[in-house]
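# Tertiary structure, described
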Amino acid sequence: DHLEELRKRLVRSMLMILLGAGVGWWLSGTVLEWAILHTVGHVVLLDPLEAFTERFKLALVLGGCVALPFVLYQLWAFVLPGLFRRERRLLLPFVFTSLLLFFAGASTAIFLVVPIVLEVLKTFTTASMRQDIRLSSLLGFIYNLALATGVVFQLPVVAGALAALRIVTAGWLIRQWRLAIVATLVVSALITPGDVVTAQIVLGLPLVFLYALSIGVAYVVQRLRKEAPEEAT
C-alpha cells in the first residue's frame, strides 16, 4: 500500500513538473533576455542547437520552481502519517523556512552578486581582448552561483536541526562568533570567483545576519525541546 501511494504521488509530482515546464517555456524567452541584458549585455552561440537547449534547460528550472510547492505537499502528505505530533509541528515550519532562505539566497546571487562579479571580472581584460561570452557558459555561471548561495543560506535551518539533535546550543554558537565571521569571509570568497571584494562584502553581510538568526533559531528549538513532552502519533 505504501509503495502504491508513493508511486501515485511521484506520478502526480512529475505531471506537475511537466505542467510547470510548459509555463517555464512560455516565460523562458523573457527570463533569458533579462538575464543577458542585466549581466553581460550580449552573448554568442557556438552551436545551432544552443539557443533551444538552453531555453529548454531554463524551462525545466522554472518549471521546477513553479511545481515545487505541489511536490513538497505530496511529500508532506506521504510522510505525515508516520510522524509524531511534535514532529508535524516542527517539520512544516522548517521546510517552509528552508524554501524561503534558498530563494532568498538564489535571488541575492542573481540580482546582486552575479552582476557585480561579471562587471569586476571585465577589468582584467586588456586592450587586445574582446569578451564574447557563450550563452551556455553564462547560464551555467548563474546556475552554479545561485545554487551555492541558496545552499549557504540554509545556515539557520541547519543550526535548528543540530539544536534539535542536541549537537549545538545557542550559547555555543554565541561563543563561536569570531570563528563564524572568519568562516563567513572564507565562504564568501569561495562562492564569488576571482578577487571581487565588493561581491564578497555583499554576500558576507547577509551571512553574518544569518548566523545571528541561527542563534535565535537554536534558542527557540531548545525551549521547545524542553517544554514539549514526547507525544504519540
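Keep in mind the model is a prediction, meaning the values are calculated, not measured.

With that settled, the discussion passes to the overall build of the chain. What the chain contains, in helices and strands, is 8 helices and 0 strands. Here the chain, with 233 residues, has 30% of them falling under the buried criterion. Sequence-distant contacts, at least 24 apart, represent 85% of the contacts inside the chain between residues at least 6 apart. Looking at the chain as shown, the accessible area adds up to about 14,300 Å², and 72% of this sits on carbon and sulfur atoms.

Residues L32, L138 and F153 are the most contacted members of the largest nonpolar core, which totals 25 residues. Elements that contribute at least two residues to this core include exactly α1 (2-37), α2 (50-79), α3 (85-121), α4 (135-152) and α8 (197-227). The greatest single-element share of this core, amounting to 7 residues, is contributed by α3. Setting aside residues no more than four positions away along its own chain, F153 makes contact with L101, A104, G105, T108, L203, P206, L207 and L210. Residues A163, Y211, I215 and V221 belong to the second largest nonpolar core, which totals 10 residues.

In this fold, R9 is placed in helix α1. Given a relative accessible area of 17%, R9 falls into the buried group. The residues contacting R9, other than those within four sequence positions of it, are Q74, A77 and F78.

Another aspect to go through is the pattern of salt bridges. Evaluated as defined, the whole model comprises 4 salt bridges. E50 is the salt-bridge partner of R134, the closest N and O atoms lying 3.0 Å from each other. Of this pair, R134 sits in the loop between α3 and α4 while E50 sits in helix α2, and the two are 84 residues apart along the sequence. Its relative accessible area of 2% is what places E50 among the buried residues. Here E119 and K122 are joined by a salt bridge, their closest N and O atoms 3.7 Å apart.

Following the sequence through the fold, L207 ends up in helix α8. Sequence separation between L207 and F153 is 54 residues, and the spatial gap between their C-alpha atoms is 7.2 Å. Once residues within four sequence positions are removed from consideration, L207 is found in contact with V152, F153, T184, V187 and S188.

What follows covers the packing of aromatic side chains. Summed over all chains, the structure comprises 4 aromatic pairs. Measuring from ring centre to ring centre gives 6.3 Å for F52 and F56, while their planes differ by 20°; the resulting arrangement is stacked. Here F52 and its partner F56 are both found in helix α2, 4 residues apart, which amounts to about one turn of the helix. With relative accessibility at 48%, the residue F52 sits in the partly exposed group. Its guanidinium or amino end placed over the ring of W25, R55 lies 4.7 Å from that ring's centre, counting from NZ or CZ.

Moving on to a nonpolar patch on the surface. Together, V23, W26, L27, V31 and V66 make up an exposed nonpolar region whose accessible area comes to about 440 Å². Here the nonpolar patch takes 4 residues from α1, the largest share from any one element.

A few words on α2. An ideal rise of 1.5 Å per residue puts 44 Å on 30 residues; α2 measures up with 41 Å between its terminal C-alpha atoms. The axis of α2 is deflected most strongly, by about 50°, at A67, and proline P69 appears within four residues downstream.

About the criteria used
- Residues numbered from 1 in each chain as written.
- Predicted model: local features only at pLDDT ≥ 70, side-chain atom pairs only at ≥ 80, totals over all residues.
- Heavy atoms only, no water.
- Helix = DSSP H or I, 4+ residues; strand = E, 2+ residues; numbered from the N terminus.
- Buried < 20%, exposed > 50% of the residue type's maximum accessible area, 1.4 Å probe, protein only.
- Contact = heavy atoms within 4.5 Å.
- Areas by Shrake-Rupley, 256 points an atom, 1.4 Å probe, with all protein chains shown as cover.
- Core = buried A, V, L, I, M, F, W, Y, C linked by side-chain atoms within 4.5 Å.
- Salt bridge = Lys/Arg side-chain N within 4 Å of Asp/Glu carboxyl O.
- Phe/Tyr/Trp six-rings, centres within 6.5 Å; stacked < 30°, edge-to-face > 60°.
- Lys NZ or Arg CZ within 6 Å of the ring centre and 35° of its normal.
- Patch = residues over 30% accessible without salt bridge, like charges linked within 9 Å, V, L, I, M, F, W, Y side chains within 5 Å.
- Expected span 1.5 Å × (residues − 1).
- Bend = angle between axes of the 7 residues up to and from the residue.

Geometry only, nothing functional implied.
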